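Working through the structure, step by step
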Amino acid sequence: MEDKEIRNRIVRKMLRNQVVGGHKKQIDTVVNMTLPSHEQGHGRDLLEDMVSDPDAPIEGYGGGHRQNVRLTSVEDAVDYLKSNDGDVPFGFD
């Protein structure tokens, strides 16, 4: 899979599961529920890069020893998918 496709799958899955606001998930959980096992290592790296990218709709959240992420907003995720040729889930467009 291409990097762009992996990023789009991650954002789409987080949007479908509404991982936004007070709802957060660990990075490993997001990668495991989104990608096949042979893509998970690379997907984790891409997700971590997206957290530090100001143009990506994903932000790090919380403290402690766990690495949690969430979407910055539903609108940001939809705009990101549209601008990157991603598939916006039904009901969010």
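Keep in mind that what you see is a predicted model, and the values were worked out from it rather than measured. Position labels on residues start from 1 in each chain and follow its written sequence. Residue-level local features of this predicted model are given only where pLDDT is at least 70; pairs of side-chain atoms are given and counted only at 80 or more, and the full residue set underlies all totals for whole chains, interfaces and linings. The basis for every side-chain value is the complete set of heavy atoms in the structure, and neither hydrogens nor water enter the calculation.

Re the nonpolar core
Using the following cut-off: Put simply, a nonpolar core is a bunch of buried Ala, Val, Leu, Ile, Met, Phe, Trp, Tyr and Cys residues held in one set by side-chain atoms that sit within 4.5 Å of each other. Buried residues are those whose accessible area, probed at 1.4 Å on protein chains only, stays under 20% of the maximum for their type, while exposed residues exceed 50% and partly exposed ones sit between those limits. Every helix listed is a DSSP run of H or I at least four residues long, and every strand listed is a run of E at least two residues long, numbered separately from the N terminus. In what follows, residue pairs with any heavy atoms lying within 4.5 Å of each other are defined as contacts.
Counting residues in hydrophobic clusters, the biggest one holds 22 residues, and the most contacted among them are I10, V11, M14, L47, I58, V69 and L71. Those elements that provide at least two residues to this core are α1 (3-16), α2 (27-34), α3 (40-52), β3 (68-71) and α4 (74-83). Ranked by the residues each element gives to this core, the list is headed by α1, at five residues. Residues in contact with V11, not counting those within four places in the same chain, are M50, P57, I58, L71, A77, Y80 and L81.

What about the packing of α1 against α3?
The line we're drawing: Only the stretch in contact is used when fitting a helix axis, every axis being a line fitted to C-alpha atoms; angles between N-to-C directions are given from 0 to 180 degrees. Any angle between 65 and 115 degrees counts as roughly perpendicular, while under 35 counts as roughly parallel, over 145 as roughly antiparallel, and the rest as oblique. Charged residues are taken to be Asp, Glu, Lys and Arg, nonpolar residues to be Ala, Val, Leu, Ile, Met, Phe, Trp, Tyr, Cys and Pro, and polar residues to be all remaining types, Gly included.
At a minimum axis separation of 10 Å, α1 and α3 run at an interaxial angle of 75°. Here α1 is positioned roughly perpendicular relative to α3, judged by the angle of their axes. Of α3, the residues touching α1 (which contributes D3, I6, R7, I10 and V11) are H42, G43, L46, L47 and M50. For the contact of α1 with α3, the per-class residue count stands at six nonpolar, two polar and two charged.

Quick notes on the sheet that holds strand β2 (residues 58-61)
The test is simple: If DSSP finds at least two bridges between two strands, the strands pair.
If you walk across this open sheet you meet the three strands as β1-β3-β2, and the pairing is antiparallel. The outermost strands of the open sheet, each flanked by one partner alone, are β1 (25-26) and β2. Note: β1 against β3, two bridges, orientation antiparallel. Note on β3: the bridge partner recorded for K25 is V69.

Focus on the pattern of salt bridges
Put simply, the rule reads: Think of a salt bridge as a Lys or Arg side-chain nitrogen and an Asp or Glu carboxyl oxygen that are within 4 Å of each other.
Taken as a whole, this structure holds six salt bridges when the rule is applied. When the shortest N-O distance is used, the salt bridge between K4 and D85 registers 3.2 Å. Taken together, the positions of K4 in helix α1 and D85 in the segment after α4 put the pair 81 residues apart, joining distant regions of the chain. The exposed category is assigned to D85, whose relative accessible area is 65%. One salt bridge connects R12 with D87, and the closest N-O pair in it is separated by 3.2 Å. Of this pair, R12 sits in helix α1 while D87 sits in the segment after α4; the two residues are 75 residues apart in sequence, bridging distant segments of the chain. Assessed through its relative accessible area of 25%, R12 is described here as partly exposed. Through salt bridges with shared partners, a single network forms among D28, R44 and E48.

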